[in-house]
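# Secondary and tertiary structure notes
So the chains spell out like this:
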Amino acid sequence: MFTKENYAQFVQILKEELVPAMGCTEPISIAYAAAKARDVLGETPVSALVEVSGNIVKNAKSVTVPHTGGMRGIKSAFIAGLVAGNSEAELEVIANVTEEQIAQMREAVETFDVQVVTPENARIFDIGITLRSQNHEAYVRVADNHTNIVSMKKDGETLLEKAVEDKQQTDRSGLTVENILAFADEVDVADVEETLARQISYNMAIAEEGLKNEYGANVGKVLLRSYQPDIKITAKAYAAAGSDARMNGCELPVVINSGSGNQGITASVPVIVYARGMHSSKEKLYRALCVSNLITIHLKDGIGALSAYCGVVSAGAGAACGIAYLLGGGAEEVNHALVNALAIDSGIICDGAKASCAAKIATAVESGLLGLNMYYNGNEFFAGEGIVKSGVENTIKSVSRLAYKGMRETDKEIIRIMLDGE
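Definitions and limits used
- Residues numbered from 1 in each chain as written.
- Predicted model: local features only at pLDDT ≥ 70, side-chain atom pairs only at ≥ 80, totals over all residues.
- Heavy atoms only, no water.
- Helix = DSSP H or I, 4+ residues; strand = E, 2+ residues; numbered from the N terminus.
- Rg over C-alpha atoms; globule rule 2.2 N^0.38 Å.
- Buried < 20%, exposed > 50% of the residue type's maximum accessible area, 1.4 Å probe, protein only.
- Areas by Shrake-Rupley, 256 points an atom, 1.4 Å probe, with all protein chains shown as cover.
- Lys, Arg positive; Asp, Glu negative; His and termini not counted.
- Charge placed at Lys NZ, Arg CZ, Asp CG, Glu CD.
- Contact = heavy atoms within 4.5 Å.
- Patch = residues over 30% accessible without salt bridge, like charges linked within 9 Å, V, L, I, M, F, W, Y side chains within 5 Å.
- Salt bridge = Lys/Arg side-chain N within 4 Å of Asp/Glu carboxyl O.
- Pairing = 2+ DSSP bridges.
- Axes fitted to C-alpha atoms, helices over the stretch in contact; angles between N-to-C directions.
- Phe/Tyr/Trp six-rings, centres within 6.5 Å; stacked < 30°, edge-to-face > 60°.
- Lys NZ or Arg CZ within 6 Å of the ring centre and 35° of its normal.
- Expected span 1.5 Å × (residues − 1).
- Polar contact = N/O pair within 3.5 Å; in protein donor to acceptor, adjacent residues only side chain to side chain.

### Overview of the overall build of the protein
- Of regular secondary structure, the protein possesses 16 helices and eight strands.
- Over its C-alpha trace the protein gives a radius of gyration of 21 Å, about what one expects of a compact globule, namely 22 Å for 422 residues.
- Here the C-alpha coordinates of the protein stretch approximately 70 × 45 × 45 Å along the principal axes.
- Looking at the protein as a whole, 58% of its 422 residues qualify as buried.
- Split by element, the accessible area of the protein, about 17,000 Å² in all, is 47% carbon and sulfur.
- For the protein, the distance from the average site of its 38 positive side-chain charges to the average site of its 53 negative ones is 3 Å.

Have a look at this one:
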């Protein structure tokens, strides 16, 4: 049953999750840790050890780091944070960089003594930065999510130490599809307007940038050029174009969802495109975005920050639920759209952040919309068919189990393949 406590929690969850980030969030987290370690050291470093988990390698290896003049990868992200990072800005740590600093980065990436290793005992999300000067040593560790500093030390003295599992986030136990829909119906739009208006502004801006200029594989442009434009194609194209730009060095910020810019784009942009095409009111759009964002967060909560399971699958399903709500749908429409979407594309793997993420976003949005249209045409996938269970929450648990437990070995093999040369 939806309660006043749930209401306050859901407002806070949206504020916690829908925050701006500059560039792909894993390399940005490396830059954040580097900037924080530099602050702790307090003097000019001469060498560094960067310890990152395999999943961080997977998601930082191939993307362009913004505000670096086109540099890619883990070492570039570390150098960007070291040279120009503002740790107080967290995931916008390198939002403000000068041309002089970019020149310093280019020199440092060639000359600075930095070793990058992948510890065997690392957590799925794990970044450790050790910085050394002539006289001192500083250490910062970020674990389990992008800004969760769990350890800081200087010259062996502990400045901060906390349990890795201590994420200090709002309780999510009340997140169910039923409660999310009740919240969307009841929310005072003023309580979420600032958060959602920023998401609309930022994520549509980067989508439009991706369609305007050349980025990566130009998936968004290909969709618009190759198919007869309609609202479905436009929704997919805009979402894909946002990822085209983001994965390939665009310096515009994105409002993330569940720690991911691609998921933030996918959960929001198709809903915004539909709302504009339908001439929906601003209030209706905000309520629909509550549905899409919170369902995406609900789906991701049981999976974890990083996995072999592609996160935009959850966001594409969330977007379909938001669109169902825009179209006047309630629990029946949303539940069927969600289950159908999850049944269609839950097998898409995450093999790191890169240009092809844009194509996976287009596929996830397509699957979500197909799941919704199946319902409108009187068709559905039934309990017992594959991983589909009786009831939407049981299907969500089934998908979480698949992604969190079942795909652990898949994740390890993906990382081995990615590190086995090109």
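Back to the write-up after that little detour.
### Considering the environment of Cys250
- When you line up the elements, Cys250 lands in the loop between α9 (231-247) and β8 (253-255).
- On the basis of relative accessible area, Cys250 is assigned to the buried category, the value being 5%.
- For Cys250 and Pro66, which are 184 residues apart along the polypeptide, the C-alpha to C-alpha distance reads 6.2 Å.
- Residues in contact with Cys250, not counting those within four places in the same chain, are Pro66, Ile206, Glu209, Tyr215 and Ala245.

### Focus on a positive patch on the surface
- A contiguous patch of positive charge on the surface is contributed by Lys389, Arg401, Lys405, Arg408 and Lys412.
- Listed by contribution, the elements that provide at least two residues to the positive patch are α15 (392-406) and α16 (408-419).
- When you line up the elements, Lys412 lands in helix α16.

### So, the pattern of salt bridges
- Taken as a whole and judged by the stated rule, the model has 16 salt bridges.
- Salt-bridge contacts for Glu16 lead to Arg172; the nearest nitrogen and oxygen are separated by 3.4 Å. Within this pair, whereas Glu16 is found in helix α1 (residues 4-17), its partner Arg172 is found in the loop between β7 (157-161) and α6 (177-186), the two being separated by 156 residues in sequence.
- Notably, a salt bridge pairs Glu17 with Arg172, separated by 2.9 Å at the nearest N-O pair. Placement of Glu17 in helix α1 and of Arg172 in the loop between β7 and α6 is noted, with a sequence separation of 155 residues between them.
- For Glu17, a relative accessible area of 12% puts it in the buried group.
- For Arg172, a relative accessible area of 9% corresponds to the buried category.

### Notes on the sheet that holds strand β5 (residues 137-143)
- Taking strand neighbours across the sheet as the criterion, the six strands line up as β3-β2-β4-β5-β6-β7 in an open arrangement whose pairing is mixed. Strands with a single pairing partner mark the edges of an open sheet, and in this sheet they are β3 (113-117) and β7. Strand-to-strand twist in this sheet, taken as the mean axis angle between neighbours without regard to direction, amounts to 10°.
- Across five bridges, the pairing between strand β2 (residues 47-52) and β3 is parallel. The residue bridging Val50 from the neighbouring strand is Val116, located in β3.

### Considering the packing of aromatic side chains
- Across all of its chains, the model carries six aromatic pairs by this definition.
- With a centroid separation of 5.5 Å and an interplanar angle of 75°, the aromatic rings of Phe10 and Phe183 are classed as edge-to-face. Of the two residues, Phe10 is situated in helix α1 and Phe183 in helix α6; the sequence distance between them amounts to 173 residues.
- A relative accessible area of 0% places Phe183 in the buried class.
- Each member of the aromatic cluster is reached from another via a ring pair, and the members are Phe2, Tyr7, Phe10 and Phe183.
- Here the guanidinium or amino end of Lys284 rests over the ring plane of Tyr325, the centre of that ring lying 4.5 Å away.

### Some words on the pairing of strand β4 (residues 126-132)
- Burial runs high along β4: six of the seven residues are buried.
- Summarising the sheet, β2 and β4 pair through six bridges and their orientation is antiparallel. Residue pairing for β4: Glu51 is matched across the bridge by Gly128.
- Looking at chain direction, β4 and β5 are connected through seven bridges and run antiparallel. Looking at β5, one finds that Asp126 is bridged to Ala143.

### Side note on helix α10 (residues 261-277)
- Between its first and last C-alpha, α10 extends 24 Å over 17 residues, near the 24 Å set by a 1.5 Å rise per residue.
- Burial within α10 is extensive, with 15 of its 17 residues counted as buried.
- Where α10 begins, the capping side chain belongs to Ser260, and its oxygen is found 3.3 Å from the backbone nitrogen of Asn262.
- Directly beyond the C-terminal end of α10, a positive phi value near 55° is found at His279.

### Section: the side chain of Asn262
- Within the element layout of this structure, Asn262 appears in helix α10.
- A polar atom in the side chain of Asn262 sits 3.1 Å from the side chain of Ser243.
- Within polar-contact distance, the side chain of Asn262 engages the side chain of Arg246 at 3.1 Å.
- Contacts of Asn262, omitting those with residues within four sequence positions, involve Ser243, Arg246, Met247, Val312, Cys357 and Ile361.

Structural measurements only, silent on function.
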